[in-house]
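Residue-level structure breakdown
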Amino acid sequence: MIRRGLSLLIMFIVVVVSFLETMLWLLKAEISVSREIMTLGIFIISLLGLFILTGGRKKKDHERNIFIKEDKDSILISEGAIKQLVENSLLKINSVRDNKIFIKYTKENKINLKLELILAPDSNIMNVTNLVEKNIHEAFDRILGEKVENIQITIKGFNDPAKKA
């Protein structure tokens, strides 16, 4: 991420300097536009050129994929599928009322999960967290072949749906 940012900054500086040199050369000729307006125009054109050169952002950039490689084939699994797998594991636990799932990846394509859970008021936190970890590890073992490296669970609160009016 830092490398990409630095390369974009360097590319931006190169574009701005080359535009400035060209415009300064042109300004030696008689042009009826003030130097400040010309500099502002060069800056805007440089920004537009930088955006065009970097290609903007694609819709599916946020949808990370992981590869599971085996002897003959490789399988691509999207981040959405991983979230569904975790949600299905959490649905089996009656004490979990709501959840938020955050997925991060290690360099070895292992998955680190961060779960924010809202539990039923009478839940035993230790039992629920152990059950969550067990269900998720079993699901990933069964489907992906052990790709989860770490599960971090945060209890965000307790909710009793019967008390909502």
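Attention here is on the structure that accompanies the text. (Residues numbered from 1 in each chain as written. Predicted model: local features only at pLDDT ≥ 70, side-chain atom pairs only at ≥ 80, totals over all residues. Heavy atoms only, no water.)

All chains considered together, the criterion is met by zero aromatic pairs. Its guanidinium or amino end placed over the ring of F102, K114 lies 5.8 Å from that ring's centre, counting from NZ or CZ. (Phe/Tyr/Trp six-rings, centres within 6.5 Å; stacked < 30°, edge-to-face > 60°. Lys NZ or Arg CZ within 6 Å of the ring centre and 35° of its normal.)

The end-to-end C-alpha distance of helix α4 (residues 125-143), which contains 19 residues, comes to 27 Å, matching closely the 27 Å that a straight helix rising 1.5 Å per residue would cover. Here α4 has its buried residues at V128, T129, V132, N135, I136, A139 and F140. Angularly, the buried residues of α4 cover 130 degrees about the axis, an arc narrow enough to put them on a single face. Facing away from the buried surface of α4 by more than 90 degrees, the exposed residues are M126 and R142. Turning to α4, the residues buried within the fold contact α3 (79-91), β3 (96-105), β4 (111-119) and β5 (148-158). By the N-cap criterion, in which a side-chain oxygen at the helix start approaches the backbone nitrogen of a residue two or three places on, α4 is capped by N124, the distance to M126 being 3.1 Å. (Helix = DSSP H or I, 4+ residues; strand = E, 2+ residues; numbered from the N terminus. Expected span 1.5 Å × (residues − 1). Buried < 20%, exposed > 50% of the residue type's maximum accessible area, 1.4 Å probe, protein only. Arc of directions from axis to C-beta. Contact = heavy atoms within 4.5 Å. Polar contact = N/O pair within 3.5 Å; in protein donor to acceptor, adjacent residues only side chain to side chain.)

In the contact formed by α3 and α4, the axes pass within 9 Å of each other and the chain directions differ by 135 degrees. Considered as vectors, α3 and α4 are oriented oblique to each other. Like other packed secondary-structure pairs, α3 and α4 cross with a definite hand, here right-handed. Every residue of α4 that contacts α3 at I82, L85, V86, S89 and L90 is listed here: V132, N135, I136, A139, F140 and I143. Residues of the contact of α3 with α4, tallied by class, amount to nine nonpolar, two polar and no charged. (Axes fitted to C-alpha atoms, helices over the stretch in contact; angles between N-to-C directions. Parallel < 35°, antiparallel > 145°, perpendicular 65-115°, else oblique. Left-handed = near helix turned anticlockwise from the far one by under 90°. Nonpolar A, V, L, I, M, F, W, Y, C, P; charged D, E, K, R; others polar.)

Our focus in this paragraph is the pattern of salt bridges. Tallying each qualifying case throughout the model produces two salt bridges. Across the pair K114 and E116 runs a salt bridge whose closest N-O atoms are separated by 3.9 Å. A salt bridge links K134 to E138; its shortest N-O distance comes to 3.8 Å. Taken as a pair, K134 and E138 lie in helix α4 at a separation of four residues, close to a single helical turn. You can call K134 partly exposed: its relative accessible area is 46%. Assessed through its relative accessible area of 40%, E138 is described here as partly exposed. (Salt bridge = Lys/Arg side-chain N within 4 Å of Asp/Glu carboxyl O.)

Below, the discussion takes up the nonpolar core. One finds V86, L113, L115, V132, I136 and F140 to be the most contacted residues of the largest nonpolar core, which totals 23 residues. Of all the elements in the fold, those that place two or more residues in this core are α3, β3, β4, α4 and β5. (Core = buried A, V, L, I, M, F, W, Y, C linked by side-chain atoms within 4.5 Å.)

Of note, I42 is situated in helix α2 (residues 35-54). Separated by 26 residues in sequence, I42 and V16 place their C-alpha atoms 7.3 Å apart.

A few words on α3. Here α3 spans 18 Å end to end across 13 residues, near enough to the 18 Å set by a 1.5 Å rise per residue. Along α3, the positions that sit buried rather than exposed are E79, I82, L85, V86, S89 and L90. The buried residues of α3 occupy one face: seen down the axis, they fall within an arc of 135 degrees. The exposed residues of α3 that point more than 90 degrees off its buried face are Q84 and L91.

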